[in-house]
Every structure is written in C-alpha cells, then in structure tokens.
Amino acid sequence: MASNATIGHKCPPAMKPTSNGIFQGDNPLDFALPLAILQICLVLVLTRGLAFLLRPLRQPRVIAEIIGGILLGPSALGRNKTYLQAVFPTKSLTVLDTLANIGLIFFLFLAGLELDPKSLCRTGKKAISIAIAGISLPFALGIGSSFVLRETISKGVHATSFLVFMGVAMSITAFPVLARILAELKLLTTDVGRMAMSAAAVNDVAAWILLALAIALSGSNNSPLVSVWVLLGGCGFLIGSILIVRPIFKWLAKQCREGEPVKELYVCATLATVLAAGFITDFIGIHAMFGGFVIGVLVPKDGPFAGALGEKIEDLVSGLLLPLYFVSSGLKTNVATIKGLESWGLLALVIFTACFGKIVGTVLVSLSFKMHLREAFALAFLMNTKGLVELIVLNIGKDRKVLNDQTFAIMVLMAIFTTFITTPIVMTIYKPARKRRAADYKYRTIERKNTNSQLRIMACFHSSRNIPSIINLLEASRGIEKGDGLCVYAMHLMELSERSSAILMVHKARKNGLPFWNKGQGSDSNHVVVAFEAFQQLSQVSVRSMTAISSMSDIHEDICMTAEGKRAAILILPFHKHQRVDGSLETTRTDFRLVNRRVLKDAPCSVGILVDRGLGGTTHVSASNVSSVITVLFFGGRDDREAVAYGVRMAEHPGISLMVIHFVVEPAATGEILRIDMINNFGNKPSSLDEECLSELMKRTSLDDSVKYEQKFVRNAAQIIDVIREQNRTNLFLVGRMPDGEVALALNKSSECPELGPIGSLLTFSDSPTRASVLVLQQYSSEVRRDLDSPANGLPENDSESN
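Here the structure is a predicted model, which is why all the values come from computation and not from measurement. (Residues numbered from 1 in each chain as written. Predicted model: local features only at pLDDT ≥ 70, side-chain atom pairs only at ≥ 80, totals over all residues. Heavy atoms only, no water.)

### Focus: the overall build of the chain
Within the chain, the secondary structure is distributed over 30 helices and twelve strands. Relative to its full complement of 803 residues, the chain shows a buried share of 56%. Across the chain, every contact between residues at least 6 apart in sequence was considered, and the portion connecting residues at least 24 apart equals 80%. In the form shown here, the chain has an accessible surface area of approximately 34,600 Å², with 58% of it arising from carbon and sulfur atoms. (Helix = DSSP H or I, 4+ residues; strand = E, 2+ residues; numbered from the N terminus. Buried < 20%, exposed > 50% of the residue type's maximum accessible area, 1.4 Å probe, protein only. Contact = heavy atoms within 4.5 Å. Areas by Shrake-Rupley, 256 points an atom, 1.4 Å probe, with all protein chains shown as cover.)

### Here's the deal with the confidence of the model for the chain
Here the chain averages 81 in pLDDT, while 83% of its residues score no lower than 70. At the low end of the mean pLDDT range in the chain sits helix 26 (residues 678-682), at 38; at the high end sits helix 12 (residues 264-284), at 94. Note on residues 510-525: pLDDT is under 50 here. Beyond four places in sequence and across chains, it has 47 contacts. Between residues 790-803, whose pLDDT stays under 50, and residues either more than four places distant or in other chains, the model counts 47 contacts. (pLDDT = per-residue confidence, 0-100.)

### Remarks on empty space enclosed by the protein
Under the definition given, this model contains seven cavities of 30 Å³ or more. Taken as a whole, the second largest cavity encloses approximately 50 Å³ of empty space. Around the second largest cavity sit F107, L108, A111, P176, D204, W208, L388, V389 and I392, which together line it. When contributions to the lining of the second largest cavity are tallied by element, the ones reaching two or more residues are helix 5 (93-114), helix 10 (191-217) and helix 17 (388-399). Within the lining of the second largest cavity, the residues separate by chemical class into eight nonpolar, no polar and one charged. (1 Å grid on protein atoms, 1.4 Å probe; cavity = no way out; pocket = protein on both sides within 12 Å on 5 of 7 lines; lining within 4 Å. Points joined across faces, edges and corners; volume = space filled by probe spheres on them. Nonpolar A, V, L, I, M, F, W, Y, C, P; charged D, E, K, R; others polar.)

### Here's the deal with the side chain of Q719
Positionally, Q719 belongs in helix 28 (residues 717-726). Here the side chain of Q719 touches R715 through a polar contact of 2.7 Å, landing on its backbone nitrogen. Leaving out residues up to four positions away in the same chain, Q719 has contacts with F713 and V714. (Polar contact = N/O pair within 3.5 Å; in protein donor to acceptor, adjacent residues only side chain to side chain.)

### Thoughts on the sheet that holds strand 4 (residues 570-574)
Sheet strands pair by backbone hydrogen bonding; their relative direction is either parallel or antiparallel. The strand order across the open sheet built from ten strands is 3-2-1-4-7-12-11-8-9-10, with neighbouring strands paired in mixed fashion. A single partner strand is all that each edge strand has here, and the edge strands are strand 3 (542-550) and strand 10 (707-714). Shown here is a sheet whose adjacent strand axes are inclined to one another by a mean of 20 degrees, direction ignored. Sheet strands in contact with helix 23 (residues 555-565) are strand 1 (455-461), strand 2 (486-495), strand 3 and strand 4, and its direction is about 150 degrees off that of strand 3. Contacts between helix 30 (residues 757-764) and the sheet are confined to strand 7 (606-611), strand 8 (628-634), strand 11 (732-736) and strand 12 (773-778), with strand 11 contributing the most and set at about 155 degrees to the helix. (Pairing = 2+ DSSP bridges. Axes fitted to C-alpha atoms, helices over the stretch in contact; angles between N-to-C directions.)

### Re the nonpolar core
Counting 142 residues, the largest nonpolar core has F88, L108, W208, L211, M289, F305 and I392 as the members making the most contacts within it. Among the elements that take part in this core, helix 10 stands out by supplying 15 residues, more than any other. Non-local contacts of I392, meaning those with residues more than four positions away in its chain, are made with L104, L108, W208, L211, M289 and Y325. Grouped together as the second largest cluster of nonpolar side chains are 50 residues, I559, V599, M659 and I724 included. (Core = buried A, V, L, I, M, F, W, Y, C linked by side-chain atoms within 4.5 Å.)

### Here we look at the packing of aromatic side chains
By the definition in use, this model includes eight aromatic pairs. On the basis of an interplanar angle of 40 degrees and a centroid distance of 5.2 Å, the ring pair of W208 and F293 is categorised as tilted. Of the two residues, W208 sits in helix 10 while F293 sits in helix 13 (residues 288-298), which places them 85 residues apart along the sequence. For the pair W208 and F293, a shared accessibility class is recorded, and that class is buried. A network of ring pairs unites the aromatic residues W208, F290 and F293 as a single cluster. (Phe/Tyr/Trp six-rings, centres within 6.5 Å; stacked < 30°, edge-to-face > 60°.)

### Overview of the packing of helix 5 against helix 14 (residues 304-330)
Where helix 5 meets helix 14, the closest approach of the two axes is 7 Å, and the angle between their N-to-C directions is 140 degrees. One element, helix 5, and the other, helix 14, form an angle in the oblique class. Crossing angle aside, the handedness with which helix 5 passes helix 14 is left-handed. For the contact of helix 5 with helix 14, the class distribution of residues is 18 nonpolar, five polar and two charged. (Parallel < 35°, antiparallel > 145°, perpendicular 65-115°, else oblique. Left-handed = near helix turned anticlockwise from the far one by under 90°.)

### Considerations on the layout of surface pockets
Unoccupied space between atoms shows up once a probe the size of one water molecule is rolled over them. When its volume is computed, the second largest pocket comes out at roughly 980 Å³. Residue lining of the second largest pocket: 34 residues in total, with L238, I242, V294, V297 and L298 positioned closest to the centre. Per-element tally for the lining of the second largest pocket: the top contributor is helix 11 (residues 224-255), with eleven residues.

Structure representation (structure tokens):
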C-alpha cells in the first residue's frame, strides 16, 4: 500500500483552471486557462504568419495551418524538450484536444451548411462518373499500398481497419479547399471548374460514408457484431434526424424573414442541437463530428437562416478553435520517425500511389467523355486536393491505434504535398484563354452622336450603405425621353475569404457563372437585391443584380470583364471614403481605393467615381418627388465633355435642373494663370470638340428651361473656389477627372487622390467649398492609357473623337 501511495504522488496532479498570479508564487503555465491562452495565441501568430508568407504562392490557408502545427510539434520546435514541456505539456493535451474537437464539430456543421442535397441530386452523369473513378481507383491502390506498409512499418495493426483507413485517406478530395482554389484561379465558371465542384461534392459525401464505415470497423472490440451495431446505430441516427430534426429546421427557416435579424433563440437552439447530435454519434461509437455534419446538411439552404448561422459562428470556429486541431495533429506528427531509405521509399510510394490513382482514374473517365487532354489533367490534379478532411481521417486512425507514428507522419506529408502542388500545376498546364474581348461595341461612353440610344450602366457597391445613393443616381439617369431607356447592372463586390459564407456564395455564383450571381429570379433574394427589384418595378428600368466574388487584388478584372461582356457605357464605382455624421469623409478600406484605380486604368468604357454625401437621402426617392440641382464644372477636354453629356441626360428627368458652368481665363489676367501653347499641344481638335459640345448645349438651353449655362471668367484658383461655393443649392457636382485647359492648370496641385483628379479632389477635401455629392467622370478612349501614379495627373492628354 505504501508503495502504491508513493507511486501515486509521482503522477502529475490535475491542472487547476486559474492561477493566483505570479506575484503570489504561481507559475501561470502550470494552470489550464493561462496555458491554453498561450497555446492559442502562439498557434494564431504562427499559422497566420505562414499564411501571409505562402500567399504569393496562392496556397490555401489550410497548408499554412498544417505546416504550423507540424512546426510546433516534435518535428521542429518540439525537439527542444524544455519548450515542449513548458508550452505543450502532456497534462495540457486533454484540454487542447477537447477545444480542438469542439471546433471540429462546429466546423463540420459549417461544412454541412456548404453542401446542398438538392444540388447533389441534380449532379449529372459525367460528374458522378468522374467522382466514382476518383474514389474507386485511389481506394483500391490505397488498399494495395496498405499491404506493403503492414509488411514493413505497420506490423500488428488491425488488418481490416487499416485497409479501409488507407483507402479512405487516398481517395478523399477536399471540397472546401478545392472551392477556394478554383475561386482564386478564376476557374469556377470554366467547364473544368464546374465539373470539379460537382465531382468533389459527390466525393465528399462518399468520403464521409466511408469514414463512418472505417470508424465502425476500428473499435477495440474484435467482435464483428459490435461494428454491425455501430453501423445500425448510425443509420438510425441519420433516419431519425431526417424525420424529426429536418421538419423542425424547415419551420425555423420559414420564421426567419428576409431583411430581419434571426432570433437568438433559433441560433441557440441550433447550436444546442449540433452538440446534442455530437453527443449521440459519440455515444453510438462513430465520432461526435458526424453529428454536427448531419445537422449542417439538414439545415435548409433557402432563405437567410443558413447564412445567419454561418456568419455567427464561422469566425470563432475557423479563426480560433479550428487551428487548435492542426496543432493537435502536429503534436502527433514526428517527421523524424521517417528515417532510412526504407521509410523515405515508402513515403515516395504513398505519394505516387495517391497521385496516380486520382490522376489516372479522373483522366481516363474524362477522356471517355471527350474532354480535352489538358482539361482532363487539370481536373485530375484539382481532384487530388487534400485538406482538413484528410487530416481528420488520419487523426481518427491515429487515436484508434490504426496508424502508428511513422505511418501517420508519412500520410500527413502526403496530404501537404498533394495540396501544395495543385495550384502551381493547374496554373501551368491549364491556362484558359482570357475571355476574348467582346466585339467592339459602339457605345462605350455617354457622349455619343445618337443620344436616343439605350444607356447601359454598371453600378458597383460594397455594402448596403452605398445602395440608396446609387439608386437615386440611377433614377436621375433614366433619360425619361429616351426611346430605349436605361439598362442597369448592379454588382455587389464581395471579397473572397476563408470564411464558409464566402464558399456558400461561390456555390450559388457558379450556377450562373462568375463574376456574377443573378438572384433576381429567386424567392430568397436578400435586402440588397430587393432594393434594386423595387427600383426596377417603380421606375420601369431593366435591372439585373449580380455579385462579384474575388480577392481584392484582382476583383477589378471581374468588374472590367463583366462591363465589357454587358456592353456597358459607364461603370459607377463608390469612393473609398464614406461620410461621417459630422460631414467629414473617413476611409472605409484602402483596398477599395486600389480597386478603383485599377478599374480606371483597365476599364473598357467610361468610369464614374461617386463621392457620396447623402445623394437624395437614405432611401430611394420616387420619380414624382425628385427635386435636385446638378452642376457640371466645365474646363474643357474629353472627361469634361462626358460630364456634360451625362448632365444633359439627367436634365431630361422632370425633377432635375442642370447648371453648366464654363470656366474661362479672364483676358486681362493671363499672367496670373500659367499660359500654354494650345495649338502646339493639341492642334485645333480639342477646341473644336469642346466648342461643338458647348454649341449643342446652348441649343438645348433655348429649348429646355431646366438647363442653364453660365460662363465664368476667373483670374486664379481662389476665384474658381468662390464660384463653386456660390452653388450652395447643388445636390450633385459632375466633373471630369482630367480637365484640359489653362484654368484647370491653376488647380493642378499634387493630390492625395489622383483617381479623382484636381477638381474632384478640391470638392472632397476637408475644407471643401461644398458638401454636395460628387461624381468624377473619366471618358473611355482606346488611344489613351491613364497614369494614376503620375504627379502631373492633371496635365492635358491627347483627345480623340468619342462614339
């Protein structure tokens, strides 16, 4: 007895949750809570740092998280026993694994939210055939390689369980990771992308079924009846969930109406259901994560309920708890166990087998469906993507003693390698030709000879905050007298992120093709689309809502390609600053500014940047209530003529008055404003075009009382500002981004916003002479490439005839 007592004292005591602090003699690292906080912070810093370093290689974040977990484990930093015992002591692993598995349960719930059973039912024969080939051949080869491993480094393991686990690990395709890779490479709407997504969804479901089978077979009890009872229990849970839980969720989804917040009670009930399902599946003997996955699949995807659930929990789960699972896995991975020629040969065998099975199986079936060889290989490498699902399979196998340390390390390295090579190889072998520039359509500008032709506008917005002013601007742009009227494309700019909600958007986007997702025909339209649908019905304007989903670094490509595909005459972009309560402008996100500058450089049509200061208020102003004054500041040049053309069209609206102010150098003051040789720089062309534009405007003033023209003689910049300040009744200023002429040179000072030009910057400074909204216009020209980085961005440019 004494001996037993002595031995008991040598066992590490259970960790208390919190310490009394270092000043009272406690080491915080000996207590569960402060140690867990340190572990979480260390994990987040390392994994996010690696993700940043791997971003130029366009690698998914899961690669950084797997590598980060390995680096924190015995393969790298864990070689230092002092560090390992201080930061990841054995007594803390229970708490770490518990937090990691809670995160895993809810992540699998989010994964279930991403899968739409209706879409799976509509999967075509081609995708199903590719999915079956991508599972069966790797599964068979995995079983074959398992015999080699059992004869070498995995002796003594349960034969049946080991065979099934190896087959599942080899045949998996990581559906969420694949979706992000396709979106990042802009392949979602290609034939390859659509086929990969459909086949991967089928593969994902099949993988979970096979994994459930593997878990049922891997119990410590050797009686086959136990595995049968586990499988029957799992089937009973699935049937019960469909019959009981699914109708309840359908009722909850119907109670959640578009535009209204989802009740906290519904969210709490759903989270409790996920945990209860996890408890039941763990009780049966499968794994708690299956319960979360099944509940996620059963949640109705129509309406706002599924999206609200994802938004409320995904940041906490994906950003905080799930990385702990990678660390938990990394602590079990010791690359040092792979030593000797035999071990490295087995690693090469496993990698070759995994790649060969997926690639050959997918390529052969793809070619049988008459796919191009290059597309078939690209699809094959995409289907070879591994990820978190692979890691889950391996960890369960490790916990159930099916995989030993060396086999586990080999399989983890295989998962990293196959996922890492996906992006660079696909980029190399499959470069779909950029969407060919559309046939040169005639109307790429607002200024045109046939003023009765249809005007096509593509208006972009980042959030619902931009919508009222954009709709009021579109209302003013209707051109009521025009025969063909106005056609509007409203594009919601959404950043592609690691969040599950972004992947939900991707799934919906691929139904109609990136970069747009047309929701106008669905009954589940959100409040953004509802606003444009209401405008369409009230104003009799053709409106199509769409969503661009891309990273901020290349979303401008989607904007420009869509504008050209839709034959837009002008792109309307929101300014990267929004108005505060005190009237000043504050930056929303600097990324938006970079997007605007790139669009200005590459746009296939005219561009307008809207500096919103509450144009028309916070709601859509109906046509009968519109009463606005619009002022065009005309200095000369292509962009200013575009502003006049837009203003004249707006003046056709019965509630809008237009004032065009033409600034001219006062003859007696030529010495005060820089004089340039207009003839030598431009010839007679710019003057004639400007004069022609003003001549047409003068004719309009004689026929329309709502259009006024004034000529202002000025001597210096101060007088220009005074004239602008006098326009205190103006609701919207229209200005050209790059005005020409001597007067404009007086304001050509270095600007912090070259995308607005000298006049636009003047109207948006903190000491601006006005608080009205501003629309800065740049007219399209195929002969001129705008340089936004030039300090002399206000200098005149060569002019050309517009359409």
